[in-house]
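# Observations on the three-dimensional arrangement
Here is what each chain is made of, one letter per residue.
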Amino acid sequence: LIARFREGDARALEILFERHVDRAMGLAVRLTETREDAEEVTQEAFLRAFRQAHQFRGESETFSAWLFAIIRNLARDRRRQLRLPTLSLTSPEAERYPASNDAAGEAEKLMARRQLRQALDSLPEEWRTTLILCDIEEASHAEAALVLEKSVAATKSLLYRARRALRDRLADWEGTS
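Residues numbered from 1 in each chain as written. Predicted model: local features only at pLDDT ≥ 70, side-chain atom pairs only at ≥ 80, totals over all residues. Heavy atoms only, no water.

### Some thoughts on the overall build of the protein chain
For the record, the criterion: Numbered from the N terminus, helices here are DSSP runs of H or I no shorter than four residues, and strands are runs of E no shorter than two. The buried label goes to any residue with under 20% of its type's maximum accessible area, the exposed label to any with over 50%, and the partly exposed label to all in between, with areas taken from a 1.4 Å probe on protein chains only. In what follows, residue pairs with any heavy atoms lying within 4.5 Å of each other are defined as contacts. Surface exposure here means Shrake-Rupley accessible area, sampled with a 1.4 Å probe, where a residue is shielded only by the protein chains that are shown.
Across its full length, the protein chain carries nine helices and zero strands. Mapped from its N terminus to its C terminus, the protein chain presents α and β elements in the order α-α-α-α-α-α-α-α-α. The buried share of the protein chain, taken over its 177 residues, is 34%. Expressed as a percentage of contacts within the protein chain between residues at least 6 apart in sequence, the contacts between residues at least 24 apart total 63%. Only carbon and sulfur atoms are counted for the fraction: they give 50% of the accessible area of the protein chain, which is about 11,100 Å².

Written out as structure tokens, the structure is:
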């Protein structure tokens, strides 16, 4: 499949797309600011992968690690671009008062997700990306190392520091609320 992909076989890319699109989109959602940005980043990543298929060696890295590196770079570039204000499709009232049988429980979950997102966003980009890759996308240390262009040992160290910083930020915010 990879050999066919490197030769530019469109069917091979289609199969790889089907196998990896969900994880790719998940990573893009976590690395970008909006779902629309994530969709564009994911689409562009697969287009670039197909255009650059001849550059993929597949010897020391998996296709997913290579694709994740492309997504990380595209997401970083997108965040650096001048952003126009966007309107939320959800009203602030809908976020404050979720429709559910257990409104209090849903509101608590929403608050916890917001706190976690804010804490993640407050981390340096490299730490945030490492956490997202390893803890949310469940990439192996080796895959994350390839995406981050670091050694496995350096990736593990980054992950340790990132987890500690995230835990400390969440504890600080909980102590102040």
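Okay, back to it.
### Some points on the environment of Gly-8
Its location among the elements puts Gly-8 in the loop between helix H1 (2-6) and helix H2 (10-31). You can call Gly-8 partly exposed: its relative accessible area is 32%. Distance from Gly-8 to His-54, taken between C-alpha atoms, is 7.6 Å for residues 46 residues apart in sequence.

### With respect to the packing of aromatic side chains
Inclusion rule: Pairing of aromatic side chains here covers Phe, Tyr and the six-membered ring of Trp, requires ring centres within 6.5 Å, and sorts the geometry by plane angle: under 30 degrees stacked, over 60 edge-to-face, intermediate tilted.
In total, this model carries four aromatic pairs according to the counting rule given. On the numbers, 4.7 Å between centres and 70 degrees between planes, the contact of Phe-17 with Phe-46 is edge-to-face. Of this pair, Phe-17 sits in helix H2 while Phe-46 sits in helix H3 (residues 35-51), and the two are 29 residues apart along the sequence. The class for Phe-17 is partly exposed, based on a relative accessible area of 37%. Accessibility expressed as a relative area gives 5% for Phe-46, which makes it buried. Between Phe-63 and Trp-66 the ring centres are 6.0 Å apart and the planes differ by 55 degrees, which places this aromatic pair in the tilted class. Highlighted residues: Phe-63 and Trp-66, both in helix H4 (residues 63-80), separated by three residues, approximately one helical turn. The same class applies to Phe-63 and to Trp-66, which are both buried. The structure contains a cluster of three or more aromatic residues connected by ring pairs, namely Phe-5, Phe-63 and Trp-66.

### Regarding the pattern of salt bridges
The following threshold applies: Salt bridge, as used here, is a side-chain nitrogen of Lys or Arg placed within 4 Å of a carboxyl oxygen of Asp or Glu.
For the structure on display, the rule yields 13 salt bridges. Residue Glu-14 pairs with Arg-11 through a salt bridge whose shortest N-O separation is 2.8 Å. You can see Glu-14 and its partner Arg-11 sitting in helix H2, three residues apart, about one turn around the helix. Of the charged contacts in the structure, one is a salt bridge between Glu-44 and Arg-51, with a shortest N-O distance of 3.8 Å. Judged by relative accessible area, Glu-44 falls into the partly exposed class, the value being 25%. Residue Arg-51 is classed as exposed on the basis of its relative accessible area, which comes to 52%.

### Details of the nonpolar core
Note the threshold: As used here, the term nonpolar core means buried Ala, Val, Leu, Ile, Met, Phe, Trp, Tyr and Cys residues forming a set that is joined through side-chain atoms within 4.5 Å.
Within the largest apolar cluster, 42 residues are counted, with the highest numbers of intra-cluster contacts made by Phe-5, Phe-63, Leu-67, Ile-71 and Leu-133. Broken down by secondary-structure element, the contributors of at least two residues to this core are H2, H3, H4, helix H6 (103-122), helix H7 (125-136), helix H8 (141-148) and helix H9 (152-176). Leaving out residues up to four positions away in the same chain, Ile-71 has contacts with Ala-24, Leu-27, Ala-28, Val-41 and Ala-45.

### Things to note about the packing of H7 against H8
Applied cut-off: The convention used is that axes are lines fitted to C-alpha atoms, helices contributing only their stretch in contact, and that angles between N-to-C directions extend from 0 to 180 degrees. Take the far helix as your reference; a near helix turned counterclockwise from it by less than a right angle gives a left-handed crossing, and one turned clockwise gives a right-handed crossing. Only Asp, Glu, Lys and Arg are considered charged in this grouping, and only Ala, Val, Leu, Ile, Met, Phe, Trp, Tyr, Cys and Pro are considered nonpolar; every other residue, Gly among them, is considered polar.
Between H7 and H8, the least distance of the axes is 9 Å, while the angle of their chain directions is 145 degrees. You can see that H7 and H8 cross each other, and the crossing is right-handed. Across from Thr-129, Thr-130, Leu-133 and Cys-134 in H7, the residues of H8 making contact are His-141, Ala-144, Val-147 and Leu-148. The residue makeup of the contact of H7 with H8, split by class, is five nonpolar, three polar and no charged.

No statement about biological role is implied by the geometric values presented.
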